[in-house]
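Chain by chain, the residues:
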Amino acid sequence: KDTTPIYNSIMLGAGVYLLFSFGSRYLIPGAHRRGIGMLRNHNYSDAIEEFERSYEFFGRHPWIDQLRSLILLSSSAVGYREMALLNIAFCYSQIDQGKKAKEYYQRVLNEFPESGMATAALKMIDSIEKGLQP
């Protein structure tokens with residue numbers, strides 16, 4: 001029995017899946033990628049806007065974030081919505097808006113109670129605030 005058609009179908013399916021996954025990896029989280037680029041260039045105010053867009057996008061399409069390992073080939077344990085909020089908080093901390101940064105880290109914990117990064121950041125901020133008190 002000739003198995004060539006089955007093999008060709010499997011290879012075609014695998015190829016389409018990989019093409020879709022790699023393509024969507026760059027198209028879907030576009031705002032997030034732009035925000036990271038701005039963050040790297042120390043353009044924190046503009047990065048905040050991009051991370052807000054990313055947060056809103058993945059809020060409207062939570063299934064993409066939940067299935068990110070299949071759709072976007074992202075093995076990160078942290079979802080894009082959580083990353084967006086963490087990055088916004090970090091950006092605020094870099095532009096001397098500590099109160100706003102703290103609010104965002106708290107927001108991360110409200111939405112993602114297991115966030116180790118937000119917990120560590122808030123502990124560090126509290127430690128610094130206590131050290132500044134006379």
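Residues numbered from 1 in each chain as written. Predicted model: local features only at pLDDT ≥ 70, side-chain atom pairs only at ≥ 80, totals over all residues. Heavy atoms only, no water.

### Let's talk about the overall build of the protein chain
Alright, step 1. Counting its secondary structure elements, the protein chain contains eight helices and zero strands.
Alright, step 2. When the elements of the protein chain are put in sequence order from the N terminus, they spell out α-α-α-α-α-α-α-α.
Alright, step 3. With 134 residues in all, the protein chain has 34% of them scored as buried.
Alright, step 4. Taking as baseline every contact in the protein chain between residues at least 6 positions apart, the subset at least 24 positions apart corresponds to 48%.
Alright, step 5. With an accessible surface of roughly 8800 Å², the protein chain has 59% of that area assigned to carbon and sulfur atoms. (Helix = DSSP H or I, 4+ residues; strand = E, 2+ residues; numbered from the N terminus. Buried < 20%, exposed > 50% of the residue type's maximum accessible area, 1.4 Å probe, protein only. Contact = heavy atoms within 4.5 Å. Areas by Shrake-Rupley, 256 points an atom, 1.4 Å probe, with all protein chains shown as cover.)

### Focus on helix α6 (residues 80–94)
Alright, step 1. Compared with the 21 Å implied by 1.5 Å per residue over 15 residues, the 21 Å span of α6 between its first and last C-alpha is a close match.
Alright, step 2. Of all 15 residues making up α6, 11 are buried, and the element is well covered by its neighbours.
Alright, step 3. For α6, every residue scored as buried is listed here: Y80, E82, M83, A84, L85, L86, N87, I88, A89, C91 and Y92.
Alright, step 4. Note on α6: the residue one or two positions beyond its end, D96, has a positive phi of about 60 degrees. (Expected span 1.5 Å × (residues − 1).)

### Regarding the confidence of the model for the protein chain
Alright, step 1. On average, residues of the protein chain score 82 in pLDDT, and 76% of them reach the 70 mark or higher.
Alright, step 2. When pLDDT is averaged over each element of the protein chain, helix α7 (residues 98–111) comes out on top at 96 and helix α5 (residues 68–71) at the bottom at 59. (pLDDT = per-residue confidence, 0-100.)

### Comments concerning the pattern of salt bridges
Alright, step 1. Counted by the stated rule, this structure contains six salt bridges.
Alright, step 2. Across the pair R53 and E50 runs a salt bridge whose closest N-O atoms are separated by 2.9 Å. Of this pair, R53 and E50 both sit in helix α3 (residues 44–60), separated by three residues, roughly a single helical turn.
Alright, step 3. Judged by its relative accessible area of 41%, R53 is partly exposed.
Alright, step 4. Looking at E50, the relative accessible area reads 9%, which means it is buried.
Alright, step 5. In this structure, E129 engages K102 in a salt bridge whose closest nitrogen and oxygen atoms are separated by 2.9 Å. Residue E129 is found in helix α8 (residues 116–132), and its partner K102 is found in helix α7; the two are separated by 27 residues along the sequence. (Salt bridge = Lys/Arg side-chain N within 4 Å of Asp/Glu carboxyl O.)

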